[in-house]
Amino acid sequence: MDTVQEEENQIQVRFVTQQKEFAVTDSAILVPTKLRRYGLSEIINHLLGFDNQFLRTSLEEYLQTKELSTENILIIEYVESMLPPTSLSTFQHDDWISAVKGYNKSLFLTGSYDNHVRIFNTSGECLQTLLGHIAPIKSVEWVSLKDGQYTPLYDCKGHKESVECISVNSSCTEFVSVSLDSSILLWTTTQPETSHVGPISSVMFDKNDSNKMYSGGWDHSIRVWDVETRTNIDTKICDKTVLGIACSDNLIASGHSDKLVRIWDPRAEDTAMVKLTLSSHKNWVSCVSWSPKSQFMLASGSYDGTVKIWDIRSRTPLYTIQNSNSQEKNSLMKKLFCIDWDLDMILSGGEDNQLHLYGTKTLDIQS
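Residues numbered from 1 in each chain as written. Predicted model: local features only at pLDDT ≥ 70, side-chain atom pairs only at ≥ 80, totals over all residues. Heavy atoms only, no water.

Caption draft 1: Seen up close, the sheet that holds strand S1 (residues 10-16). What the three strands build is an open sheet, ordered S2-S1-S3; its pairing is mixed. Whereas interior strands pair on both sides, the edge strands pair on one side only; in this sheet they are strand S2 (29-32) and strand S3 (74-77). When the angles between neighbouring strand axes are averaged without regard to direction, this sheet yields 50 degrees. On top of the sheet, helix H2 (residues 59-66) reaches S1, S2 and S3; it is set at about 115 degrees to S3, its chief contact. (Pairing = 2+ DSSP bridges. Helix = DSSP H or I, 4+ residues; strand = E, 2+ residues; numbered from the N terminus. Axes fitted to C-alpha atoms, helices over the stretch in contact; angles between N-to-C directions. Contact = heavy atoms within 4.5 Å.)

What follows is the structure in structure tokens.
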């Protein structure tokens, strides 16, 4: 019996990209309108339009939604894609993990509600447990590694309430701490003045300027500080409590109690101007961390128990990671308190008492 194959609808497209290493011919190509993202990716990979969102449907559905004609040439910009994160390891702790920091994918520093700081290697071996604190540890940072010795050198006393966050400058000559006592302390120097009204949740030095630092607080503000003069030189105002901040080369990301991630341009003169708002989490966004390899990639952690990975060129998350290791029925809802993107590895910790490691790669091309 002869079969009759219906003729497929086709459209001419041109593939363009700002990433020159992935450039292909700019000639128009006739492709079926039913092709989805991965079908287009196969064409691009073989040859080696979005309106602020990635293509997540077939071309036919996209044309129908946008009321476009197949007679037009559709311009499609393609970018480097990150593959879905893969679970690498899980390191058990005795209590909630409230702080994590990676060191070149070789060492992992954790702070816990059992009052201990631990150092792990990639094999899951706890190299050392650092004692001395008498309350939960909210923040950890690497300063230097000398001869494999991890020994407390001295106590820094000055805060009157819990220390919530610390940050070390790029030259490792100073570090700053913030506390629920509404103060910011710059160590090895005198106490700077503070303009926050209420508890301060997070602090971070500028990646490119050791004389500048940022702090976020419960007074709904992100403040920019001049370290040398100890002055608050700029303030960004939002609607909700700031729970965590992270700085890239040009932008500041912040997590908030209204379940949103906000992206700020510290160079903008308008104190209330938010560059971008990202919405997907179902509970407080407690922590954020930029990818060290891409100015567009950001990870966020939330009290809803998920890590979300964003490409800020789109308003929807690329991936949502939920802990699948625990046998507890409600384990996916356990709060996340901390996150760190270390090269191509994401670290997270929270209420489930486990340090989770996720690997990230950018091997695919996506449209």
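Caption draft 2: Just the pairing of strand S14 (residues 212-217), in detail. By the criterion of burial, S14 is predominantly enclosed, with five of the six residues buried. Of the strand pairs in this sheet, strand S13 (residues 200-205) and S14 are connected by five bridges, and their pairing is antiparallel. Paired with Val203 across the two strands is Ser215, which belongs to S14. Taking the residues that link successive antiparallel strands as the turn, the S13-S14 hairpin has six residues. With five bridges joining them, S14 and strand S15 (residues 221-226) adopt antiparallel strand pairing. Residue pairing in the sheet places Ser215 in a bridge with Arg223 of S15. In this antiparallel pair of consecutive strands, S14 and S15, the connection spans three residues, and His220 shows a positive phi of 65 degrees. (Buried < 20%, exposed > 50% of the residue type's maximum accessible area, 1.4 Å probe, protein only.)

Caption draft 3: Expanded view of the environment of Gly350. Looking at the element boundaries, Gly350 is found in strand S26 (residues 345-350). Taking the C-alpha atoms as reference points, Gly350 and Asp95, 255 residues apart in sequence, are found 9.0 Å from one another. Once you skip the residues sitting within four places of it in the chain, Gly350 turns out to touch Trp96, Ile97, Lys335, Leu336 and Phe337.

Caption draft 4: Up close: the sheet that holds strand S8 (residues 117-121). Overall, antiparallel pairing links the four strands, which are arranged S6-S7-S8-S9 in an open sheet. The sheet terminates laterally at strand S6 (97-103) and strand S9 (126-130), the two strands that pair on one side only. Along the sheet, successive strands turn relative to each other by an average axial angle of 15 degrees, direction set aside. Relative to S8, strand S7 (residues 107-112) runs antiparallel, the two sharing five bridges.

Caption draft 5: Just empty space enclosed by the protein, in detail. By volume, the largest cavity amounts to about 90 Å³. Considering the residues around the largest cavity, the lining is formed by 15 residues, among which Gly305, Asn323, Leu336, Asp352 and His356 are closest to the centre. Within the lining of the largest cavity, the residues separate by chemical class into four nonpolar, seven polar and four charged. (1 Å grid on protein atoms, 1.4 Å probe; cavity = no way out; pocket = protein on both sides within 12 Å on 5 of 7 lines; lining within 4 Å. Points joined across faces, edges and corners; volume = space filled by probe spheres on them. Nonpolar A, V, L, I, M, F, W, Y, C, P; charged D, E, K, R; others polar.)

Caption draft 6: Expanded view of the pattern of salt bridges. Tallied over the entire structure, the rule returns 11 salt bridges. Of the charged contacts in the structure, one is a salt bridge between Lys101 and Asp340, with a shortest N-O distance of 3.6 Å. With Lys101 in strand S6 and Asp340 in strand S25 (residues 336-342), this residue pair connects regions lying 239 residues apart in the sequence. Salt bridges sharing common partners tie together Asp94, Asp114 and Arg118. (Salt bridge = Lys/Arg side-chain N within 4 Å of Asp/Glu carboxyl O.)

Caption draft 7: Local environment of H2. Leu59, Tyr62 and Leu63 are the residues of H2 that are buried. End-on view of H2: buried residues confined to an arc of 100 degrees, all on one side of the axis. Summarising the geometry of H2, the exposed residues directed more than 90 degrees from the buried face are Gln64 and Thr65. Elements in contact with the buried residues of H2: S1, S2, helix H1 (37-47) and S3. (Arc of directions from axis to C-beta.)

Caption draft 8: Local environment of the UniProt feature "repeat: WD" (unreviewed entry) in the chain. In the UniProt entry, the feature "repeat: WD" (unreviewed entry) is given for residues 156-197, 193-235, 248-274 and 278-320. The straight-line gap between the two end C-alpha atoms of residues 248-274 is 16 Å; of that span, 0% is helix and 37% is strand. (UniProt positions renumbered as here; feature names shortened; annotations may be inferred.)

Caption draft 9: Examining unusual backbone geometry more closely. The phi torsion at Asn104 lies on the positive side, around 50 degrees, for a residue other than glycine. Here Asn104 lies in the loop between S6 and S7. A positive phi angle, near 70 degrees, is found at Ser182, a position not held by glycine. With respect to the secondary-structure elements, Ser182 resides in the loop between strand S11 (175-179) and strand S12 (184-186). Using a relative accessible area of 21% as the deciding quantity, one classes Ser182 as partly exposed.

Caption draft 10: Structural context of the packing of aromatic side chains. With the rule as written, the count across this model stands at 10 aromatic pairs. Taken together, a centroid distance of 5.4 Å and an interplanar angle of 45 degrees make the contact between Trp96 and Phe337 tilted. Here the residue Trp96 occupies a position in the loop between strand S5 (86-92) and S6, and Phe337 occupies one in strand S25, the gap between them amounting to 241 residues. Residue classification places Trp96 among the partly exposed positions, given a relative accessible area of 29%. With a centroid separation of 6.2 Å and 25 degrees between ring planes, the pair formed by Tyr113 and Phe337 is classed as stacked. Residue Tyr113 is located in the loop between S7 and S8, and its partner Phe337 is located in strand S25; the two are separated by 224 residues in the primary sequence. For Tyr113, a relative accessible area of 28% translates into the label partly exposed. Taking the relative accessible area as the measure of exposure, Phe337 reaches 17% and is therefore buried. (Phe/Tyr/Trp six-rings, centres within 6.5 Å; stacked < 30°, edge-to-face > 60°.)

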